[in-house]
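Residue strings, one per chain:
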Amino acid sequence: MASVTHLFRVRSLYKRILVLHRFMPLELKALGDQYVKDEFRRNKNASPEEVKVFMAEWEKYRDTLQTQVLEAVGGSGSSPGKRPTFGSALSEEQLRHLQDEQVGQLYELMLEATKPSRQFDIQDERP
């Protein structure tokens, strides 16, 4: 059984990522939210070694996204009217360490993120 501290850490990370997604364009938010929910659910019963890697990678994602959100909101280094960019490129070294299943997931995610037309009609519920 997982410790209370570990559960708190996982939940805090999960919630923080979902909060950061609120600052993304609607299409990316919807895609990101679903992906995060699926990944955290899929890794619920992972081994301690897998959990260590899983948490480290998602913490890196949170840190990168938080930096990008702050830059987008603060406007540092961006031109007026320019849409902020989110994410980062994977190095060849990072790609080599991925398992076949992860490469497939990454490919599906890329296809979904670069679709020219929306699969869903997402409405902005913000006031």
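Our subject is the structure that appears above.
I will try to describe carefully the structure that is included in this document. Nothing here was measured: the structure is a model prediction, and the numbers come from that model. Think of each chain on its own: its residues are numbered from 1, step by step along the sequence as written. Only residues with pLDDT of 70 or above have their local features reported here, since the model is predicted, and side-chain atom pairs are shown and tallied only from 80 upward, although totals for entire chains, interfaces and linings are computed over all residues. Note that water and hydrogens are dropped before the side-chain values are worked out from all heavy atoms of the structure.

Considerations on a nonpolar patch on the surface
Turning to step 1, where the next piece is worked out: Patch membership is restricted to residues that have no salt bridge and whose relative accessible area is over 30%. Joining uses 9 Å for like charges and 5 Å for the nonpolar side chains Val, Leu, Ile, Met, Phe, Trp and Tyr. Surface exposure here means Shrake-Rupley accessible area, sampled with a 1.4 Å probe, where a residue is shielded only by the protein chains that are shown. By salt bridge we mean one thing: a side-chain nitrogen of Lys or Arg within 4 Å of a carboxyl oxygen of Asp or Glu. On the surface, a nonpolar cluster with roughly 230 Å² of combined accessible area is contributed by L90, L95 and L106.
Turning to step 2, where the next piece is worked out: Helix and strand definitions follow DSSP, with helices as H or I runs of at least four residues and strands as E runs of at least two, each counted in order from the N terminus. The topology assignment puts L95 in helix α4 (residues 92–96).
Turning to step 3, where the next piece is worked out: Note on L95: relative accessible area 39%, which makes it partly exposed. Relative accessibility thresholds used throughout: buried, under 20% of the residue-type maximum; exposed, over 50%; partly exposed, between the two (1.4 Å probe, protein chains only).

Comments concerning the nonpolar core
Turning to step 1, where the next piece is worked out: Take the buried residues of types Ala, Val, Leu, Ile, Met, Phe, Trp, Tyr and Cys, join any two whose side-chain atoms come within 4.5 Å, and each joined set is a nonpolar core. Listed in full, the ten residues of the largest apolar core are V10, L13, I17, L18, V36, F40, V51, F54, M55 and W58.
Turning to step 2, where the next piece is worked out: In this analysis, two residues are considered to be in contact whenever any of their non-hydrogen atoms come within 4.5 Å of each other. Sequence-distant contacts of V51, defined by excluding residues within four places in its chain, comprise H6 and A46.
Turning to step 3, where the next piece is worked out: If you look at the next biggest cluster of nonpolar residues, it comprises five residues, including L20, L65, V69 and F86.

Details of the environment of E112
Turning to step 1, where the next piece is worked out: Here E112 lies in helix α5 (residues 100–113).
Turning to step 2, where the next piece is worked out: Sequence separation between E112 and L28 is 84 residues; the distance between their C-alpha atoms is 9.7 Å.

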